[in-house]
Amino acid sequence: MTKVAGTKADEAAIRVEGLHKSFGDLEVLKGIDFTVSPGEVVCVIGPSGSGKSTLLRCVNLLEEPTAGTVALSGTELTDPDVDIDRVRRRIGMVFQSFNLFPHLSALDNLTIAQRRVLGRTKDEAKRIGRANLLRVGVSEKESAYPAQLSGGQQQRVAIARALSMDPELMLFDEPTSALDPELVGDVLAVMRRLADEGMTMMVVTHEMSFAREVADRVVFMDGGVIVEEGSPSRVIGDPQHQRTRTFLSRVLDPAAAEVTEDGEPPA
């Protein structure tokens, strides 16, 4: 099993080096290097098609990198000798779509993987599941089926399901993009609490207010590369690159971005 250099004290929670990902002739990621420290919250922002979600999916090998390495707390996931299923248990993933089993209640959605993957008893899985439903504010919905829940409630159940597997870190792929605006706040509040509790988190998001308030570091991607990264106050408040400034102007003030600096309408 390949280890990334470093002691336990300074070991990165996530270490990505030289990451490339192509789909046929389309190169989506073009050499990504970055780390996430234990307890750090990193928000990844950028335009559609910039490679954000592909990067996230490569971190837990839902997409297999074309080249480069991904390591979790020193264990190289891209090593062919690694038991990827065992390592992936340490990573919680929350998708844009909620991916709940429609024929199972909220509580049963939380217990099935605990029992089948972690080998917990039915009673233990239910106890942990109920604790996490309470943690995300939907404990009264444990018997409800996904179709009986709002989008925001379904997403909170999905977060509780990931938490019930006791992950070392959580990956969020645009977790509020499928929600009506009035439901976004409840999901972001849950994520804020997780950050306050010290959960290591990597969040692909278009919610700039969340990135400003919660992220320890913001990564701006465009064209399959990291263009700029740093504190929220620097990347969002005082971006150094024109590509970052153009993106943020369109996101933060769409009306002002109707005409670009060269007098042309935005692409």
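The chain goes by ABC-type polar-amino-acid transporter in an unreviewed UniProt entry, where it is assigned to Streptomyces abyssalis. Under the heading Catalytic activity (unreviewed entry), UniProt records this for the chain: "a polar amino acid(out) + ATP + H2O = a polar amino acid(in) + ADP + phosphate + H(+)". Taken from UniProt, the Subcellular location (unreviewed entry) comment for the chain reads in full: "Cell membrane".

Novice: Tell me what's going on with the packing of helix α5 (residues 151-163) against helix α6 (residues 181-196), and back it up with residues and numbers.
Specialist: One way to put it is that α5 packs onto α6 with a least axis distance of 8 Å and a crossing angle of 20 degrees. Between α5 and α6, the interaxial angle falls into the category roughly parallel. In the packing of α5 onto α6, the handedness of the crossing is right-handed. The residues of α6 that touch α5, namely those facing G151, G152, Q155, R156, I159 and L163, are L183, D186, V187, V190, M191 and L194. For the contact of α5 with α6, the class distribution of residues is 7 nonpolar, 3 polar and 2 charged.

Novice: Explain the UniProt feature "domain: ABC transporter" (unreviewed entry) in the chain to me, using residue names and the numbers behind them.
Specialist: As recorded in UniProt, the feature "domain: ABC transporter" (unreviewed entry) lies at residues 14-248. Helix makes up 37% of residues 14-248 and strand 26%, whereas the separation of the span's terminal C-alpha atoms amounts to 27 Å.

Novice: Go over the packing of helix α4 (residues 122-135) against α5 with me, naming the residues and quoting the values.
Specialist: Packing of α4 against α5 brings their axes to within 9 Å, and their N-to-C directions diverge by 135 degrees. Here α4 lies oblique to α5, going by the angle between them. Of the two possible hands of crossing, α4 and α5 adopt the one that is right-handed. On α5, the residues touching N132, L133 and R135 of α4 are V157, A160 and L163. Classifying every residue of the contact of α4 with α5 by side-chain character gives 4 nonpolar, 1 polar and 1 charged.

Novice: Go over the pairing of strand β3 (residues 41-45) with me, naming the residues and quoting the values.
Specialist: Within β3, 5 of the 5 residues are buried, which leaves the element mostly enclosed by the surrounding structure. Judged by which residues are buried, β3 turns out to be covered on both faces: V41, C43 and I45 on one side and V42 and V44 on the other are all buried. By the bridge criterion, 4 bridges tie β3 to strand β8 (residues 200-204) in an arrangement that is parallel. When the bridges of β8 are listed, V42 appears paired with M202. Both β3 and strand β9 (residues 217-222) contribute to a ladder of 4 bridges, which runs parallel.

Novice: Any chance you could break down the side chain of N132 for me, citing the residues and the numbers?
Specialist: As for its placement among the helices and strands, N132 is situated in helix α4. Ignoring any residue separated from it by four or fewer positions in sequence, one finds N132 in contact with L110, A160, L163 and S164.

Novice: Describe the nonpolar core, listing the residues and the values that go with them.
Specialist: One finds V157, I159, M170, F172, M191 and M201 to be the most contacted residues of the largest nonpolar core, which totals 45 residues. Sorting elements by how many residues they give to this core places α6 first, with 7 residues. Residues contacting M201, with those up to four places away along its chain left out, are E40, V41, V42, M170, F172, M191, L194 and A195. Of all hydrophobic cores here, the second largest spans 28 residues; its members include V42, L72, M93 and V204.

Rules used throughout
Residues numbered from 1 in each chain as written. Predicted model: local features only at pLDDT ≥ 70, side-chain atom pairs only at ≥ 80, totals over all residues. Heavy atoms only, no water. UniProt positions renumbered as here; feature names shortened; annotations may be inferred. Axes fitted to C-alpha atoms, helices over the stretch in contact; angles between N-to-C directions. Helix = DSSP H or I, 4+ residues; strand = E, 2+ residues; numbered from the N terminus. Parallel < 35°, antiparallel > 145°, perpendicular 65-115°, else oblique. Left-handed = near helix turned anticlockwise from the far one by under 90°. Contact = heavy atoms within 4.5 Å. Nonpolar A, V, L, I, M, F, W, Y, C, P; charged D, E, K, R; others polar. Buried < 20%, exposed > 50% of the residue type's maximum accessible area, 1.4 Å probe, protein only. Pairing = 2+ DSSP bridges. Core = buried A, V, L, I, M, F, W, Y, C linked by side-chain atoms within 4.5 Å.

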